[in-house]
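Structural characterization, general
These are the residues of each chain, in order.
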Amino acid sequence: LDLEAVFAKYRRRLHEYDQQLTGMIAAKEEVVAKTHHDLARAEVQARVAESKTQERELDMAERDNVVSLDVKKEELQVAISRMEQRLESLTKKYKQAQSAIKK
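A brief look at the structure comes next.

Rules used in this analysis
Residues numbered from 1 in each chain as written. Predicted model: local features only at pLDDT ≥ 70, side-chain atom pairs only at ≥ 80, totals over all residues. Heavy atoms only, no water. Helix = DSSP H or I, 4+ residues; strand = E, 2+ residues; numbered from the N terminus. Rg over C-alpha atoms; globule rule 2.2 N^0.38 Å. Buried < 20%, exposed > 50% of the residue type's maximum accessible area, 1.4 Å probe, protein only. Areas by Shrake-Rupley, 256 points an atom, 1.4 Å probe, with all protein chains shown as cover. Lys, Arg positive; Asp, Glu negative; His and termini not counted. Charge placed at Lys NZ, Arg CZ, Asp CG, Glu CD. Salt bridge = Lys/Arg side-chain N within 4 Å of Asp/Glu carboxyl O.

Okay, the overall build of the chain next. Helices and strands together make up the secondary structure of the chain, namely one helix and zero strands. In terms of overall dimensions, the chain is more spread out than a globule: its C-alpha atoms have a radius of gyration of 44 Å, far above the 13 Å expected for 103 residues. Dimensions along the principal axes, computed over C-alpha positions, put the chain at roughly 150 × 15 × 10 Å. Going through the 103 residues of the chain one by one, you find that 0% of them count as buried. Carbon and sulfur atoms form 59% of the exposed surface of the chain, whose accessible area is close to 10,200 Å². Charge separation in the chain, taken as the distance between the mean sites of 20 positive and 19 negative side-chain charges, equals 14 Å.

This paragraph deals with the pattern of salt bridges. In this structure the tally under the stated criterion is two salt bridges. K34 is paired through a salt bridge with D38; the nearest N and O atoms lie 2.8 Å apart. Here the residue K34 and the residue D38 both occupy positions in helix α1 (residues 2–102), the gap between them amounting to four residues, near one helical turn. Residue K34 is classed as exposed on the basis of its relative accessible area of 53%. Given the relative accessible area of 27%, D38 is considered partly exposed. Ionic pairing is found between D38 and R41, a salt bridge with its closest N-O pair at 2.6 Å. Here the residue D38 and the residue R41 both occupy positions in helix α1, the gap between them amounting to three residues, near one helical turn. In this structure, a network of salt bridges that share partners links the residues K34, D38 and R41.

Now for the environment of Y94. The topology assignment puts Y94 in helix α1. Along the backbone, Y94 and R56 are 38 residues apart, and their C-alpha atoms lie at a distance of 56 Å.

Structure, rendered in C-alpha cells:
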C-alpha cells in the first residue's frame with residue numbers, strides 16, 4: 001500500500017514536471033518564432049535602408065557632377081570673355097594699322 005502511494009506521488013510529480021517542461025518548450029518556441037519574424041522584418045528594413053542609401057549616393061554624385069559642370073562653365077565663360085577682349089584689342093590694332101597704311 002505504501003509503495004502504491006509513493007509511486008502515485010512520483011507519477012503525479014513526474015506528470016506535473018512534464019507539463020512544466022512542455023509549457024517552457026512552447027514558450028521558447030514562441031520566442032524563437034517571434035525572433036525569426038523580427039529578424040526577417042529587420043532584414044527587409046536593412047535592404048530598404050541600403051537601397052535608400054544607394055539612391056542618396058547617386059543623387060549626391062549627380063549634384064557633384066552638376067557642381068563640376070557649373071565650375072567648368074564659369075571657367076569657360078571667363079576664357080571666352082578674355083578671348084573677346086583679345087579679339088577687340090586685335091581688331092583695334094588691325095584698324096589702326098590699316099588706317100596708318102592708307103595715310
